[in-house]
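Survey of secondary and tertiary structure
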Amino acid sequence: MEITARVAEEAPQPIPSYLERHYWWAYVHPNAVRVFERQWLINLILWGNFSRLRDVALESLGNPIGGRTLQVACVYGNLTRRLVDRLAGGACLDVVDILPVQLENLSRKLGPAPGTTLALSDSSDLTAPDAHYDQVLVFFLLHEQPLETRKRTLAEALRVTRPGGRVLLVDYHCPHPANPMRLIMTPVLRLLEPFALDLWRDEISAWLPEGAQGLHVHKRTFFGGLYQIVEIRRSADT
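The following refers to the structure shown. The structure presented is a predicted model; accordingly, all values stated were derived computationally and were not measured.

Another aspect to go through is the environment of Arg34. Tracing the sequence through the fold places Arg34 in helix H2 (residues 30–36). The exposure class of Arg34 is exposed, given its relative accessible area of 55%.

Shown next as structure tokens:
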């Protein structure tokens with residue numbers, strides 16, 4: 001029997017104003033999917049680093065990936081397909097996004113996807129109960145969110161992660177001073193990604209919930225510091 005990704009029926013969610021204002025061209029408009037859902041284009045946007053960042057992130061989650069995994073927000077390209085292919089027997093994956101058009105696109109891409117559910121949900125107000133997931137993946141989402149939304153997204157990701165579990169964050173990072181990409185990316189991000197330079201100015205750890213305890217943060221940078229993968233692991237006794 002062929003099993004496909006199940007799309008959970010949820011009540012419509014209002015589209016955040018920042019998303020409509022700044023990213024209608026990339027995610028909200030149906031034509032955005034037709035333009036950007038191309039593996040070569042996503043790799044080009046990340047200067048040839050999509051595959052490397054994808055593979056490092058997936059390897060960090062495990063091979064195979066067991067337990068319950070949450071992916072916060074859909075991703076253009078084949079990240080989720082590769083994630084599904086690495087799921088252990090009995091493992092499950094939930095993917096949430098605020099945009100129906102993105103969930104519909106992901107459902108088409110995945111096709112057969114045992115143990116996978118796609119659901120309409122706001123990253124800053126997840127419906128999952130506390131400590132529900134073994135790991136949470138947030139792939140190039142934080143740079144698209146204004147500060148307060150970004151803080152709530154991180155708080156929610158940690159809330160739904162069990163003690164001993166982890167949150168894995170992949171995103172932009174301030175490149176090294178000698179990296180020529182600083183000259184190229186500064187105007188590009190200012191024009192197209194109005195919140196992204198926040199990740200150049202501050203560490204992701206600066207946006208973690210106040211008073212949070214038992215968190216172990218490990219950061220790796222790539223491509224001359226332009227990208228980062230941050231693992232936040234919760235202590236087993238928190």
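Anyway, onward from the coordinates.
Buried residues of helix H6 (residues 100–110): Val101, Gln102, Leu103, Asn105, Leu106 and Leu110, and no others. Its buried side turned inward, H6 meets helix H1 (17–28), H2, helix H5 (79–85), strand E3 (92–97) and strand E4 (116–120). Just downstream of H6, Gly111 is the residue with a positive phi angle, here 60 degrees.

Here we come to the packing of aromatic side chains. Counted under the stated rule, the structure contains eleven aromatic pairs. Residues Phe140 and Tyr227 carry aromatic rings whose centres are separated by 5.9 Å and whose planes lie at 75 degrees to one another, so their mutual orientation is edge-to-face. Residue Phe140 is found in the loop between strand E5 (133–139) and helix H7 (147–159), and its partner Tyr227 is found in strand E8 (residues 227–234); the two are separated by 87 residues along the sequence. No difference in accessibility class separates Phe140 from Tyr227, as the two residues are buried. Taking 5.7 Å as the distance between ring centres and 35 degrees as the angle between the ring planes, the aromatic pair formed by Tyr172 and Tyr227 counts as tilted.

Applying the stated criterion across every chain yields a total of zero disulfides. Considering cysteine sulfurs only, Cys92 is the nearest to Cys74, which forms no disulfide, with 17 Å between them.

A few words on the side chain of Gln71. Along the chain, Gln71 turns up in strand E2 (residues 68–72). Within the local environment of Gln71, its side chain forms a polar contact with the side chain of Thr80, the two groups lying 2.9 Å apart. Discounting chain neighbours no more than four positions away, the residues touching Gln71 are Leu79, Thr80, Leu83, Leu93, Asp94, Val95, Val96 and Leu137.

About the cut-offs
- Think of each chain on its own: its residues are numbered from 1, step by step along the sequence as written.
- Per-residue local features are limited, in this predicted model, to residues with pLDDT of at least 70; the limit for side-chain atom pairs, both in listing and counting, is 80 or more; totals at the level of whole chains, interfaces and linings are taken over all residues.
- Each side-chain value is derived from all of the structure's non-hydrogen atoms; neither hydrogens nor water enter the calculation.
- Strands are runs of DSSP state E lasting at least 2 residues, helices are runs of H or I lasting at least 4, and numbering of each runs from the N terminus.
- Under the scheme applied here, a residue whose accessible area is under 20% of the maximum for its type counts as buried, over 50% as exposed, and between as partly exposed, the area being computed with a 1.4 Å probe on protein chains only.
- Contacts are residue-level and defined by heavy atoms, with any inter-residue pair within 4.5 Å sufficient.
- To pair, rings of Phe, Tyr and Trp, with the six-membered ring standing in for Trp, must have centres within 6.5 Å; the planes then decide the type, stacked if under 30 degrees apart, edge-to-face if over 60, and tilted in the middle.
- The term disulfide is used for any two cysteine sulfur atoms that are within 2.5 Å.
- Polar contacts, as used here, are pairs of N or O atoms within 3.5 Å; protein pairs need one atom able to donate a hydrogen and one able to accept it. Residues neighboring in sequence count only if both atoms are side-chain atoms.

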